[in-house]
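# Commentary on secondary and tertiary structure
The residues making up each chain are set out below.
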Amino acid sequence: MSTTVLIVDDHEVAREGLRALLGKAVVRIVGEASSGGEAVERVAESHPDVVLLDFNLPDMDGAEACSKILERSPGTTVIVLSAFGDDGLVRAAVDAGARGYLLKDAAGLDLPDLIGRAIAGERVIDPRAAAALMRTLGPDAARPQTNLTAQEKRILELVGKGLSNPDIGAQLHLSKHTVKEYLGNAMQKLGVTSRVEAVLKADRLGLVRLRGD
């Protein structure tokens, strides 16, 4: 099966360039968007495997767009493309859940390969952006991400109350598969491998409330 891709950039020329970089790779472009709001709508409709997301959009920055996209489709892999590798921008994108951060002026960019690696779970970051990211992380670079979304926190709280995925889905009006995706994302961010560990660690870090209503 081909990988489905949504291209998000407010410049038509840039979108054409991305289509050219994808070339004849085994991908299927399921749509394009020119703003963050439009991207969120397209994602909600098609749930693409990958979103190629420009960081500088007319209505919101890439970090905000990334967060909203993952709220709507937690199973989607977001790869940010930017003309800038500033420390704060890279950190904001990664904290929002982006799996990749690529610079538009990178020579010999093998986009299909990078997409495949990101889908497989690898973080694909341009070396210049990676250096900027490490500067912001400092000595805590090995610490797992704890930027849980509101939905991920709510689901962990319900897991802590003993609810199953179908029960959580019924309460939050989500499919059990979507609940599973949210849990998987939360576990990855927390650096754990089980539901129980995720709940306990989130509670210990003060990210969720497991006692009281």
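The present account deals with the structure reproduced in this document.

### A look at the side chain of asparagine 185
Relative to the helices and strands, asparagine 185 resides in helix H9 (residues 176-190). Judged by relative accessible area, which is 19%, asparagine 185 ranks as buried.

### Comments concerning the packing of helix H7 (residues 150-160) against helix H8 (residues 165-172)
At a minimum axis distance of 10 Å, the contact between H7 and H8 shows a crossing angle of 130°. In terms of orientation, H7 lies oblique with respect to H8. When you trace H7 past H8, the crossing you get is right-handed. Side by side, H7 and H8 meet where Gln151, Arg154, Ile155, Leu158 and Val159 of the first sit next to Ile168, Gln171 and Leu172 of the second. In the contact of H7 with H8, the residues fall into five nonpolar, two polar and one charged.

### Thoughts on the pattern of salt bridges
Going through the model one piece at a time under the given rule, you end up with 13 salt bridges. Of the charged contacts in the structure, one is a salt bridge between arginine 19 and glutamate 32, with a shortest N-O distance of 2.4 Å. Here the residue arginine 19 occupies a position in helix H1 (residues 12-22), and glutamate 32 occupies one in strand E2 (residues 27-33), the gap between them amounting to 13 residues. Since its relative accessible area comes to 25%, glutamate 32 is described here as partly exposed. When the shortest N-O distance is used, the salt bridge between arginine 154 and glutamate 157 registers 3.4 Å. Of this pair, arginine 154 and glutamate 157 both sit in helix H7, three residues apart, which is roughly one turn of that helix. For glutamate 157, a relative accessible area of 17% translates into the label buried. Among the ionic contacts, a cluster of salt bridges with common partners joins Glu12, Arg15, Arg19 and Glu32.

### Some thoughts on the side chain of glutamate 152
Relative to the helices and strands, glutamate 152 resides in helix H7. Given the relative accessible area of 3%, glutamate 152 is considered buried. What glutamate 152 contacts, discounting residues up to four positions off in sequence, is Asn147, Tyr182, Asn185, Ala186 and Lys189.

### Observations regarding the sheet that holds strand E5 (residues 100-103)
With respect to topology, six strands assemble into an open sheet ordered E2-E1-E3-E4-E5-E6, the strand pairing being parallel. With one partner strand each, in any of the chains shown, E2 and strand E6 (124-125) form the two edges of the open sheet. Where strand E1 (residues 3-8) and strand E3 (residues 50-54) come together, four bridges link them in parallel fashion. From the neighbouring strand, valine 8 faces E3, where its bridge partner is leucine 53. The strands touched by H1 are E1, E2, E3 and strand E4 (77-82); relative to E2, the strand with the most contacts, the crossing angle is about 175°. Against the sheet, helix H2 (residues 36-46) contacts E1, E2 and E3, and its axis sits at roughly 140° relative to E2.

Each value, and the rule that gives it
Residues numbered from 1 in each chain as written. Predicted model: local features only at pLDDT ≥ 70, side-chain atom pairs only at ≥ 80, totals over all residues. Heavy atoms only, no water. Helix = DSSP H or I, 4+ residues; strand = E, 2+ residues; numbered from the N terminus. Buried < 20%, exposed > 50% of the residue type's maximum accessible area, 1.4 Å probe, protein only. Axes fitted to C-alpha atoms, helices over the stretch in contact; angles between N-to-C directions. Parallel < 35°, antiparallel > 145°, perpendicular 65-115°, else oblique. Left-handed = near helix turned anticlockwise from the far one by under 90°. Contact = heavy atoms within 4.5 Å. Nonpolar A, V, L, I, M, F, W, Y, C, P; charged D, E, K, R; others polar. Salt bridge = Lys/Arg side-chain N within 4 Å of Asp/Glu carboxyl O. Pairing = 2+ DSSP bridges.

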